[in-house]
Each structure stands twice: as structure tokens, then as C-alpha cells.
Amino acid sequence: MDTKIGALDVCKPASNEVGSLPNGTAMAIQNSVPSTVINSSEATLGRHLARRLVQIGVTDVFTVPGDFNLTLLDHLIAEPGLTNIGCCNELNAGYAADGYARSRGVGACVVTFTVGGLSVLNAIAGAYSENLPLICIVGGPNSNDYGTSRILHHTIGLPDFSQELRCFQTVTCYQAVVNNLEDAHESIDTAISTALKESKPVYISISCNLAGIPHPTFSREPVPFSLSPRLSNQWGLEAAVEAAAEFLNKAVKPVMVGGPKLRVAHAGDAFVELADASGYALAVMPSAKGLVPEHHPHFIGTYWGAVSTAFCAEIVESADAYLFAGPIFNDYSSVGYSLLLKKEKAIIVQPDRVTIANGPSFGCVLMKDFLRALAKKLNHNNTAHENYRRIFVPDGHPLKCAPREPLRVNVLFQHVQKMLSSETAVIAETGDSWFNCQKLRLPAGCGYEFQMQYGSIGWSVGATLGYAQAVPEKRVLAFIGDGSFQVTAQDVSTMIRNGQRTIIFLINNGGYTIEVEIHDGPYNVIKNWNYTGLVDAIHNGEGKCWTTKVRYEEELIEAIETATGDKKDSLCFIEVIVHKDDTSKELLEWGSRVSAANSRPPNPQ
């Protein structure tokens, strides 16, 4: 085999497909009817942008008003297919667009210049790290102010308007500053197309005086908005499949592990096809939970090194060959760089590249094409799965709490497991919820999201808002620590305002428990709040909301019955009060290893 084929990186575009949602679902970018004439009063920059958002599947946009974006917001909400979701702050608006994109395939937020843009920046960085297409729109200065020496409000007091743009350049894949109408159509379309093609956020700044002005380029849309699909290099694909099949068919007990980039590669279905055909034991990395069906007959759990689900790490790390599809190996996913994996045993499949052990690397080979082609070349081998079944011992059930005994977290999640169905989705906040939710067994169709790569504390409040808005037919179950909730609590208000039916489990253990297990100090202790009292105040008698505190198992059972029964159409906020040291065993192990990685002494120079 000529390994030079692995250096071929030129992908051939075609021109007749549109973008797609996670796992290959076709995304309806609704092509405009050729030569559609738009009423001149609607042929404005703002309405054009609104139509483009609707065409790519965005029906809700998360906003915070400011004087530079007010006219733009007028024109966005004038679009019948677009709903404005006003948020309490820019950070949560960005988190909401992140959560929305995880379900819809793309999300959008609108903020004002610099003071809003720099506030939303952290959420955009998180979306970039998680490969989410997100359209971040900023209302910018009046076009007449560019190129002058004027100092504007909402800036740092210098006659330079580029600070916000320069900040966004590092966390977006494309930036468009629209301060004239002549090329606005092209700039906006290029930005949106790039977000979908690259599966990353983009930045669009719209001068505040341009949004409502008609222009001939917005009055007619003769060219349908579509994306050319990327195609594998056929020679490279065939060579990669041949090399991988030869490698895996020689193995005695091969396994396969799904990673988080299955989403951006739209390869979830192809990954399952390979599992079906090969008979291999099937695991997921923690950040890929929810991307692979856990009811698959060969599913063995989460591979997370020393904190894997029971018996999973033993099977993966003892395999003589492992195929990782879309992995990210960072210090968190590797438990402080402690995974017992060997490069010479691994096939690493990234969205457009395949690397075989210590051998060749094949470029411009799309993951979904590779997995589907490989499925036709592998010998059936279920040895690893049989070994798993041989050593597997079912989980022992936590002891039932005695009457009026303080509630334990493991008992909480025993009851949560019974709540899951195809009509639910789980959002897990950074913290011990990562580890407890990893152990939930997801039924077919149950959604699951968390932010592992960026790990921004407080992400889940906004993300829950966005995810629930995107899929109103699902009941979202959010698991949020008290420390995280204090960062972003305000937008529970927006959930109530929009009639969402989420069940929030606020786990009150008095501090930043995940930080405690890495390195403890007085800074990890927070001021306790009356969390149900806070949410009651936010509710203020407007909309449907129900709150309760639980300290004992019998109270938890009653709360769940109410939330899923009489209050099934309300936002339900259940504050679960537990001991400050009640953590999962996985967090204790993980925290120790991450602490060891963080505290390595400097290498001698």
C-alpha cells in the first residue's frame, strides 16, 4: 500500500446538498423560490438577516437589547418565523444559543456593541470549543463613525472600534463587520455559510443605522442558499479502509469508542452501523454521552480511565486494538493524563482524517464515509463484548434511606433514572453532576448534553433555556449545583416567561464541590441562599412555576410525583439539600488525579 495517499488533503465539493444536523439528519435550509420579489418595505438588511436565520432552521433568537441593536431587533422580530427570546444578560443569551444549537444544529444571539459583545464572549468561546455553529450578531456603531476620531460610549474610551472584533477573532471562525449596504448581503451569507460548514461560531456586526434601510440586493433572492457538501478523496478513503480492516481483523479482542466529534462529523449513525456489523464492544468517552444509543446490545458504558463506568475501562484498556471515533484527549477526559492506552493499538478517526497506530495518516477522509465503508470489510468479532458479559456484575442498589434520614446523592439519582424516557433530556452542569449523570442509562431518544471541553461553571442555566426552547416536546431535567446556579440564576425568569416545563434539580451542598476535590480552600465555600424563595420571587405570580425543598427520600418521591403529575405543565424547581461531603466516588478519584496533573513541578530548564 502506498502510504503517500495519506497526504492527499484536497476535498472535492459538490453543489446539491445542504447542511445537516447532528448524526446526519438533513437540515432544512429552505431554498428561496427563484426570483421571489420581496416588498420594498421588507427589503431591508434586518429582514434579510432574519430570513436567513429562519432558512437555516433558527426560529428563536436569544437577545439582550442595547441602543446599538434596537432597530435591528425591530426588523428581526418583524419576521413571522422568528421569535425573540429576551434574556437577562448576554452571557446567558450566549449559553442559550449554545444549548439551542445542540438540538437544532445552529443557534443565534443578538447583543449590543462591546459592552454586550465582551459579555457574551465567554459563551461564544465555549461554543467554539464544542464545535457548535452559532451566529453571534452585534449591533455596531453608526456607519458614519467608522474612520473618524470620535470616542463612543460602550467602548474603552479610545477612537478605535476594533477591540470587540479583535477579541472575537480568536473564538469565531469568521467575522463580518457590516458598515455599508453594498456588500452586506454577501457578508452575511458568507458568515452564516461558514458557521455551518465549519461547525463553529461566527461574528456579525451590523451598524445601527443600516438595519432598517432597504437596498436592491435584499429585494430579490435568485440564488438559493445552500451548502456544498465535503466529499472524501476516494483513493484516500479506500486506502484508509484497507489499512484499518487489515489492522482490526488481525486483533483478538478489538473495541470501539465514540468521542465528542461524532457530532460535528454527523457520523453517529455510521458509528452504530459499524458496531452492528463488527460485533465489537461499544463504549463512549464522557463528552460523547448522548451521541451513541446506550440501548445498543454491545454498549458497555463510559470509558473515562480510572473513573469509567463499572468494567468498561478493563475491557477497553485490555483490548489489543481500539478504534476511537472523534476523540478529544485533554487533561479532564484523560483523568490527569492517566489513561492506559497505547498508540500502537489505536486507530484514531477524526472528522476528516484517519490515523492507523504508529503508521500512516490518511487526509480528506470523512468520518462517516470511512466508518460505513469499514463496516463492510470487518470480520465479525464479539470477543470483547463476551468478555465484558463474563466479568460484569450488576450494580448494587444504594441502601434505601431510612425514614427522615438525610437524603444521599446516589439515592437521588436512583429515582432520576426512573424518570428518563424518549420524552426527556438531561442537562448536566459542570461539577459532581458530570459524574452522577454519566451513570444514568439513557433510554432510546433521551437527549443528553454537558460542556466538558470548556467546563464553564453556570453554563447549564442558559443552555437549559436554549435546549428547552428548541425542543418544547421534551421535558428537560437539569442538574445544577448551588455554586454554579449562583453564577447564572437570573434566566430561570426567561424559562418561566416562555412557558417552559423544565425540572431543575438544584443540588445544595454548600459550595464548589468539584473544586474542593481538586484543591480545597475557603474560597470554595459560598453564601447559602434560600433557592426556592429566590425562584418564587422571580416567578412573582406570573406564569407557571412550582418549587419545593427536599431533605429526605420520602420528600423526594413526593416532589417527583408532583412535578410529573399535577405540575407537569409547569417549570418545577426542586432544591435537594445534601451533605457537603456527599460526592460520587468518581469525583474523588478524578479530583485527585487532576490535582496531581495540575501540581506537577516545572521541568528543569
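Everything discussed here concerns the structure shown above.
Residues numbered from 1 in each chain as written. Predicted model: local features only at pLDDT ≥ 70, side-chain atom pairs only at ≥ 80, totals over all residues. Heavy atoms only, no water.

Undergrad: How would you sum up the sheet that holds strand β18 (residues 475-481)? Please name residues and give values.
TA: In spatial order, the strands read β17-β16-β18-β19-β21-β20; together these six strands make up an open sheet with parallel pairing. Because the sheet does not close on itself, it has two edges, and the strands there are β17 (447-450) and β20 (545-550). Looking at each pair of strands side by side, their axes are set apart by 15 degrees on average, direction ignored. Summarising the sheet, strand β16 (residues 424-428) and β18 pair through five bridges and their orientation is parallel. Each bridged residue has a counterpart across the sheet, and for Val426 the counterpart in β18 is Leu477. (Pairing = 2+ DSSP bridges. Helix = DSSP H or I, 4+ residues; strand = E, 2+ residues; numbered from the N terminus. Axes fitted to C-alpha atoms, helices over the stretch in contact; angles between N-to-C directions.)

Undergrad: I'd love a proper account of the packing of aromatic side chains, names of residues and values included.
TA: The final tally for this structure, using the stated rule, is 19 aromatic pairs. Centre to centre, the rings of Phe113 and Phe161 are 6.5 Å apart; their planes meet at 85 degrees, and the pair counts as edge-to-face. One end of the pair, Phe113, is in the loop between β4 (107-112) and α4 (117-129); the other, Phe161, is in the loop between β5 (134-140) and α5 (163-168), and 48 residues separate them in sequence. Residue Phe113 is classed as buried on the basis of its relative accessible area, which comes to 2%. On the basis of relative accessible area, Phe161 is assigned to the buried category, the value being 12%. Ring centres of Phe311 and Phe392 lie 5.8 Å apart, and the angle between their planes is 70 degrees; this geometry places the pair in the edge-to-face category. Pair noted here: Phe311 is in the loop between β11 (299-302) and α9 (312-317) and Phe392 is in the loop between α11 (383-391) and α12 (409-419), with a separation of 81 residues, a long-range link. For Lys200, the ring lying beneath its charged end belongs to Tyr128, and the centroid distance is 4.0 Å. In this structure, Lys289 is placed above the aromatic ring of Tyr448, and the distance from its NZ or CZ to the ring centre is 5.4 Å. (Phe/Tyr/Trp six-rings, centres within 6.5 Å; stacked < 30°, edge-to-face > 60°. Buried < 20%, exposed > 50% of the residue type's maximum accessible area, 1.4 Å probe, protein only. Lys NZ or Arg CZ within 6 Å of the ring centre and 35° of its normal.)

Undergrad: Outline the packing of helix α8 (residues 268-278) against helix α10 (residues 367-375), supporting the account with residue identities and numerical values.
TA: Contact geometry for α8 and α10: axes closest at 8 Å, N-to-C directions at 15 degrees. The pairing of α8 with α10 is recorded here as roughly parallel in orientation. In terms of crossing hand, the pair formed by α8 and α10 is left-handed. Of α10, the residues touching α8 (which contributes Asp269, Ala270, Phe271, Glu273, Leu274 and Ala277) are Lys368, Leu371, Arg372, Leu374 and Ala375. In terms of residue class, the contact of α8 with α10 is made up of seven nonpolar, no polar and four charged. (Parallel < 35°, antiparallel > 145°, perpendicular 65-115°, else oblique. Left-handed = near helix turned anticlockwise from the far one by under 90°. Contact = heavy atoms within 4.5 Å. Nonpolar A, V, L, I, M, F, W, Y, C, P; charged D, E, K, R; others polar.)

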